[in-house]
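Examining the three-dimensional arrangement
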Amino acid sequence: MSGNGGWANPAPAGLVALAIACFTFYCILTGKVGHTAIPLLACWLLGGFVVQFTVAIIELKEGALLGGNVFLFFSGFFMLAGAAEFIVKAYFGTVHGAPIDTHIDGYAWIVLVTSLILWTPAYMKTGPALLSIAVILLDFACVIVAGTDGGWMAKTWSPMAGNLLGAAGCLAIYIAAAIQLNTAFGRTILPMPGPIL
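Description of the structure in this document. Predicted, not measured: the structure shown is a model, and the values here were computed from it.

The biggest cluster of nonpolar side chains holds 44 residues, and the ones touching the most others in it are Leu45, Phe74 and Leu138. Contributing elements (two or more residues each) for this core: helix 1 (11-29), helix 2 (38-61), helix 3 (65-91), helix 4 (104-126), helix 5 (129-150) and helix 6 (158-185). Counting residues per element, this core draws most heavily on helix 5, at 11 residues. Those residues within four positions of Phe74 in sequence are excluded, and the remaining contacts are Leu18, Gln52, Met79, Leu116 and Leu138.

In structure tokens:
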């Protein structure tokens, strides 16, 4: 569609996939849907994996170090690994008759949330302010997810993580729309304030 022979910006598609993940986790963590929806969540995450992996490769090819790497680890760990683990939990809840010890998820989330937090200043320096705010919301939500999955925080924190993810999902939708509309019309249709730093 671009007609210029180069790669177009795939970030809007990646942001929509992020918004889907945020909204579906919002529903699970706040109790809007029951845990019996987990296999369907896995399906949505598998779709998000395809989108975010593609976005990551294109962004990396275009030299977008930060965006490419974040989409790459989101696609692999939030989307693909998340989908696979939900399938395993839903259909194979035991190993040799004993319940699966899911606390390992908390330890994996520590790596993801630490990386995301340490990369946040790069977003604040280079990305639009709304994207930085979305990443900060994800930082807090992921800390809670790591804490509850690891057993270090009470599950009563889960709705807070869900609400933060819902807000981040709303921002992702807005940012994706702003990129699409502002590019299509060649002017600001939806404002995108500059970097925070």
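The geometry of an aromatic ring pair comes down to the distance between the two centres and the angle between the two planes. One pass over the structure, following the stated rule, counts eight aromatic pairs. Both rings, one in Phe25 and one in Phe86, keep their centres 5.9 Å apart while their planes meet at 50°; by these two values the pair is tilted. You can see Phe25 sitting in helix 1 and its partner Phe86 sitting in helix 3, a full 61 residues away along the chain. With relative accessibility at 17%, the residue Phe25 sits in the buried group. According to the relative accessible area criterion, Phe86 is buried, its value standing at 10%. Within the aromatic cluster, the residues linked to one another by ring pairs are Phe73, Phe74, Phe78, Trp109 and Trp119.

Tallying each qualifying case throughout the model produces three salt bridges. Here Asp105 ties to Lys89 by a salt bridge, and the two come within 2.7 Å at their closest N and O atoms. Here Lys89 lies in helix 3 and Asp105 lies in helix 4, a separation of 16 residues in the sequence. In this structure Asp105 comes out as buried when scored by relative accessible area, which is 9%. The salt bridge involving Asp149 is made with Lys155; its shortest N-O contact spans 4.0 Å.

In this model, helix 4 (23 residues) spans 34 Å end to end at C-alpha, consistent with the 33 Å of a helix rising 1.5 Å per residue. The largest bend in helix 4 amounts to roughly 35° and is located at Trp119, with the proline Pro121 lying one to four residues further along. Here helix 4 has its buried residues at Asp105, Gly106, Trp109, Leu112, Val113, Leu116, Thr120, Tyr123 and Met124. Buried positions along helix 4 lie against helix 3 and helix 5.

What follows deals with the layout of surface pockets. In this model, the largest pocket occupies a volume close to 850 Å³. Residue lining of the largest pocket: 34 residues in total, with Phe25, Glu85, Phe86, Lys89 and Asp149 positioned closest to the centre. Among the elements of the structure, helix 1, helix 2, helix 3, helix 4, helix 5 and helix 6 are those that each provide at least two residues to the lining of the largest pocket. Among the elements that make up the lining of the largest pocket, the one with the highest residue count is helix 3 (10 residues). In this model, the second largest pocket occupies a volume close to 430 Å³. Considering the residues around the second largest pocket, the lining is formed by 28 residues, among which Ala11, Glu59, Gly67, Phe71 and Leu131 are closest to the centre. At the level of secondary structure, the elements contributing two or more residues to the lining of the second largest pocket comprise helix 1, helix 2, helix 3, helix 4, helix 5 and helix 6. No other element matches helix 3, which puts six residues into the lining of the second largest pocket. Split by residue class, the lining of the second largest pocket holds 22 nonpolar, four polar and two charged.

Conventions we followed
- Residues numbered from 1 in each chain as written.
- Predicted model: local features only at pLDDT ≥ 70, side-chain atom pairs only at ≥ 80, totals over all residues.
- Heavy atoms only, no water.
- Core = buried A, V, L, I, M, F, W, Y, C linked by side-chain atoms within 4.5 Å.
- Buried < 20%, exposed > 50% of the residue type's maximum accessible area, 1.4 Å probe, protein only.
- Helix = DSSP H or I, 4+ residues; strand = E, 2+ residues; numbered from the N terminus.
- Contact = heavy atoms within 4.5 Å.
- Phe/Tyr/Trp six-rings, centres within 6.5 Å; stacked < 30°, edge-to-face > 60°.
- Salt bridge = Lys/Arg side-chain N within 4 Å of Asp/Glu carboxyl O.
- Expected span 1.5 Å × (residues − 1).
- Bend = angle between axes of the 7 residues up to and from the residue.
- 1 Å grid on protein atoms, 1.4 Å probe; cavity = no way out; pocket = protein on both sides within 12 Å on 5 of 7 lines; lining within 4 Å.
- Points joined across faces, edges and corners; volume = space filled by probe spheres on them.
- Nonpolar A, V, L, I, M, F, W, Y, C, P; charged D, E, K, R; others polar.

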